[in-house]
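Residue-level structural notes
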Amino acid sequence: MLTKRTFSALAGVAMLAAFALPAQAQTVTLRSTDIHPDGYPTIEAVKFMGQQLEKSTGGRIKIQVFHSAQLGQEKDTIEQTRFGVIDMNRINMAPFNNLIPATNVPSLPFIFRSVDHMRKVMDGPIGDALLKEFEKHDLVGLAFYDSGSRSFYNSKRPIKTPADMKGLKIRVQQSDMFVSLVSALGANATPMNFGEVYSGLQTGVIDGAENNWPSYESTKHFEVSKFYSQTEHSLSPEVLVMSKKSFDKLSPADQAAVRAAARESVAKMRELWDAREKASEAKVKAGGAVVNAVEKQPFIDAMKPVYDKFVTDAKLKEMVAAIQAVK
Ligand code: BDP
């Protein structure tokens, strides 16, 4: 027989269960933004992360990837991600440079000796410390993705020495560090949204820009800016961040699942990236790009003012030294 006490205890348990259930069984679709077109390695990597996450949460958490800047250009999507209007953002480190000083470090010119060096640093404690930096800015850093190396391209002439850069109008990302990098080479830097670069090149508002093989190819910039000079001046990685507002709505177990799925997508991204770099290089060459190798030392020597201006406090100096020390 149910006494009053057992009845109220049972009612209490039922209430608790009713309260706890929706949280445990939370079903969410996370909206993720990217400026690249469908099929680009970053898009496919985040889709892969979504599949992993669906598996590990029994289909409760999904990711919907909005490609081709459907949710906006990078600078604007940063704000929307901080406010929780967008849940996830796959974006380059450079647009964070002005907001988060430490993000300048992996974007610095010639900071990495090679792709292997970059991967080792970003996979290790320095990468982890950088991911944590985002938390002070309403974001959760989930993973770094490769972005190859960025080189200059323009419509006027091949760049062989820093002197060849003189007077060229070069589009850069919305980063003061990149403005300074281009200025140190004697060119005029114009910060501009990625989506406006093609018409900028076509109309002559700018003479050139800088990017990796896949972006030079996917945007068709090679059609209007055919001299691609392999300065390989920055390996500024991509980063996958989540809105802290959206992250905090998840249970600790689901948060762990999100982090794990993001980490799993890094290897997938590298595989896709390596293949796409080669394919893009071949495609632009076949499409008329005039490519030249560059003797890098004079470019490296010209970068001292950039380091002096952006590696200012002890913490950043330590990070630069720690990166250089990674063998
Ligand atoms: C591409 C990055 C993208 C950048 C873009 C740019 O993947 O996130 O914002 O360059 O130059 O390589 O704006």
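This text gives an overview of the structure that appears in the document. (Residues numbered from 1 in each chain as written. Predicted model: local features only at pLDDT ≥ 70, side-chain atom pairs only at ≥ 80, totals over all residues. Heavy atoms only, no water.)

Thoughts on the overall build of the protein chain
Scanning the protein chain from N- to C-terminus turns up 15 helices and 11 strands. Along the first, second and third principal axes, the C-alpha atoms of the protein chain reach 95 × 45 × 30 Å. Here the protein chain, with 327 residues, has 52% of them falling under the buried criterion. As displayed, the protein chain offers around 14600 Å² of accessible surface, 57% of which is attributable to carbon and sulfur atoms. Counting 41 positive and 36 negative side-chain charges, the protein chain places the averaged centre of each group 2 Å from the other. (Helix = DSSP H or I, 4+ residues; strand = E, 2+ residues; numbered from the N terminus. Buried < 20%, exposed > 50% of the residue type's maximum accessible area, 1.4 Å probe, protein only. Areas by Shrake-Rupley, 256 points an atom, 1.4 Å probe, with all protein chains shown as cover. Lys, Arg positive; Asp, Glu negative; His and termini not counted. Charge placed at Lys NZ, Arg CZ, Asp CG, Glu CD.)

Things to note about the packing of helix α2 (residues 41–56) against helix α12 (residues 252–286)
Two packed helices can be described by the angle between their axes and the distance between those axes. At a closest axis distance of 8 Å, the pairing of α2 and α12 adopts a crossing angle of 145°. In this structure, α2 meets α12 at a crossing whose hand is right-handed. In this structure, α2 uses P41, T42, E44, A45, F48, M49, Q52, L53 and S56 to contact α12, whose residues at the interface are A257, V258, A261, A262, E264, S265, K268, M269, L272, W273 and R276. Among the residues making up the contact of α2 with α12, the classes are represented as 12 nonpolar, 4 polar and 4 charged. (Axes fitted to C-alpha atoms, helices over the stretch in contact; angles between N-to-C directions. Left-handed = near helix turned anticlockwise from the far one by under 90°. Contact = heavy atoms within 4.5 Å. Nonpolar A, V, L, I, M, F, W, Y, C, P; charged D, E, K, R; others polar.)

Focus on the site of the ligand
With respect to spatial proximity, 14 residues lie near the ligand, and among them H36, E74, R171, N211 and E238 are the closest. Here an oxygen atom of the ligand sits 2.5 Å away from a polar atom, N or O, in the side chain of E74. When isolated, the ligand has an accessible area of 320 Å², and the protein chains bury 99% of it. When the residues that make up the shell around the ligand are grouped by side-chain class, the tally is 2 nonpolar, 7 polar and 5 charged. Residues from two domains meet in the shell around the ligand; each of domain 1 (9–146 + 237–279) and domain 2 (150–235 + 280–325) gives at least three. (Near = heavy atom within 4 Å. Polar contact = N/O pair within 3.5 Å; in protein donor to acceptor, adjacent residues only side chain to side chain. Domains from an automatic or database assignment.)

Quick word on the nonpolar core
Ranked by internal contacts, the top residues of the largest apolar core, which has 48 residues, are F96, L108, F112, F134, M165, V239 and I323. Within the residue set of this core, elements represented by two or more residues are α5 (115–123), α6 (125–133), β4 (139–145), β6 (169–172), α7 (176–183), β10 (238–243), α14 (304–310) and α15 (314–325). When residues of this core are assigned to domains, at least three map to each of domain 1 (9–146 + 237–279) and domain 2 (150–235 + 280–325). Filtering out sequence-adjacent residues up to four positions away, V239 remains in contact with N89, R90, I91, N92, M93, F96, L131, F134, A143 and F144. (Core = buried A, V, L, I, M, F, W, Y, C linked by side-chain atoms within 4.5 Å.)

Some thoughts on α12
In an α-helix there are 3.6 residues to a turn, and that puts residues three or four apart on one side. An ideal rise of 1.5 Å per residue puts 51 Å on 35 residues; α12 measures up with 50 Å between its terminal C-alpha atoms. Phi turns positive, to about 105°, at G288, one or two residues after α12. (Expected span 1.5 Å × (residues − 1).)

Some details on the pairing of β4
For β4, the tally of buried residues reaches 7 of 7 residues, placing the bulk of the element in the interior. Where β4 lies against β10, 6 bridges are found, and the strand directions are antiparallel. Across the sheet, the residue bridging to Y145 is E238, located in β10. (Pairing = 2+ DSSP bridges.)

Just geometry here; none of it tells us what the structure is for.
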